[in-house]
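Tertiary structure, described
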Amino acid sequence: MKSFVRWSKKLGLVSGIVLGSLLANSLQVLALTTEQVVERLRSVPVFALANNEGKPLVAVPTEGADPSQTPNIFVFMNQQDAQTSLNNLRTRDPQTAEGIQVMPISLAKIYEYEVSTRFQCRFRFIFNN
């Protein structure tokens, strides 16, 4: 019975590869427009550390660091990780953490910032779960 299951899995995998390669040549690939991407990402919440005005906390490279390094904004995929990061910041640097809070933001907004040429910052996505 086990050999039949293994054989069926192999046959299914090979069939899928062959069928996929045949269909790939005949199907036209359509990319989403920027507006469609933004619309789909609008409902995806992410979290960032921001001040009371909603401006994100930007981590700038330390003195003596490589000058080619760009500032970073950390984007957290869940609120607990963002809160943990804020608590760590409050412990390490209470002056910087003053007035900073965890703010929900749409992933669409992050995407819009990323594709704009005027925003010279790198987004670092934190996935800890």
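Residues numbered from 1 in each chain as written. Predicted model: local features only at pLDDT ≥ 70, side-chain atom pairs only at ≥ 80, totals over all residues. Heavy atoms only, no water.

With that out of the way, let us pick up the sheet that holds strand β1 (residues 45-50). On the basis of which strands lie adjacent, the open sheet formed by 4 strands has the order β3-β1-β2-β4 and mixed pairing. Two strands bound the open sheet, and with one partner strand each, they are β3 (101-106) and β4 (122-126). Direction aside, neighbouring strands of the sheet carry axes that sit 35 degrees apart on average. One ladder, built from 2 bridges, connects β1 with strand β2 (residues 72-76); its direction is antiparallel. (Pairing = 2+ DSSP bridges. Helix = DSSP H or I, 4+ residues; strand = E, 2+ residues; numbered from the N terminus. Axes fitted to C-alpha atoms, helices over the stretch in contact; angles between N-to-C directions.)

All right, on to the pattern of salt bridges then. Side-chain pairing between opposite charges can occur once the charged atoms of the two side chains come close. In total, this model carries 2 salt bridges according to the counting rule given. We note a salt bridge from R42 to E39, for which the minimum N-O separation is 3.5 Å. Under the relative-accessibility criterion, R42 is labelled partly exposed at 47%. Between E53 and K55 there is a salt bridge whose closest N-O contact spans 3.7 Å. A relative accessible area of 63% places E53 in the exposed class. (Salt bridge = Lys/Arg side-chain N within 4 Å of Asp/Glu carboxyl O. Buried < 20%, exposed > 50% of the residue type's maximum accessible area, 1.4 Å probe, protein only.)

The predicted coordinates of low-pLDDT regions are not to be read in fine detail. Mean pLDDT over the protein: 80, with 71% of residues reaching 70 or higher. Predicted confidence in the protein is weakest over helix α1 (residues 2-26), with a mean pLDDT of 58, and strongest over helix α3 (residues 79-92), with 94. (pLDDT = per-residue confidence, 0-100.)

Between helix α2 (residues 34-41) and helix α5 (residues 107-115), the least distance of the axes is 7 Å, while the angle of their chain directions is 145 degrees. Here the hand of the crossing between α2 and α5 comes out right-handed. Packed against α2, whose contacting residues are T34, V37, V38 and L41, the element α5 presents L107, A108, Y111 and E112 at the interface. (Left-handed = near helix turned anticlockwise from the far one by under 90°. Contact = heavy atoms within 4.5 Å.)

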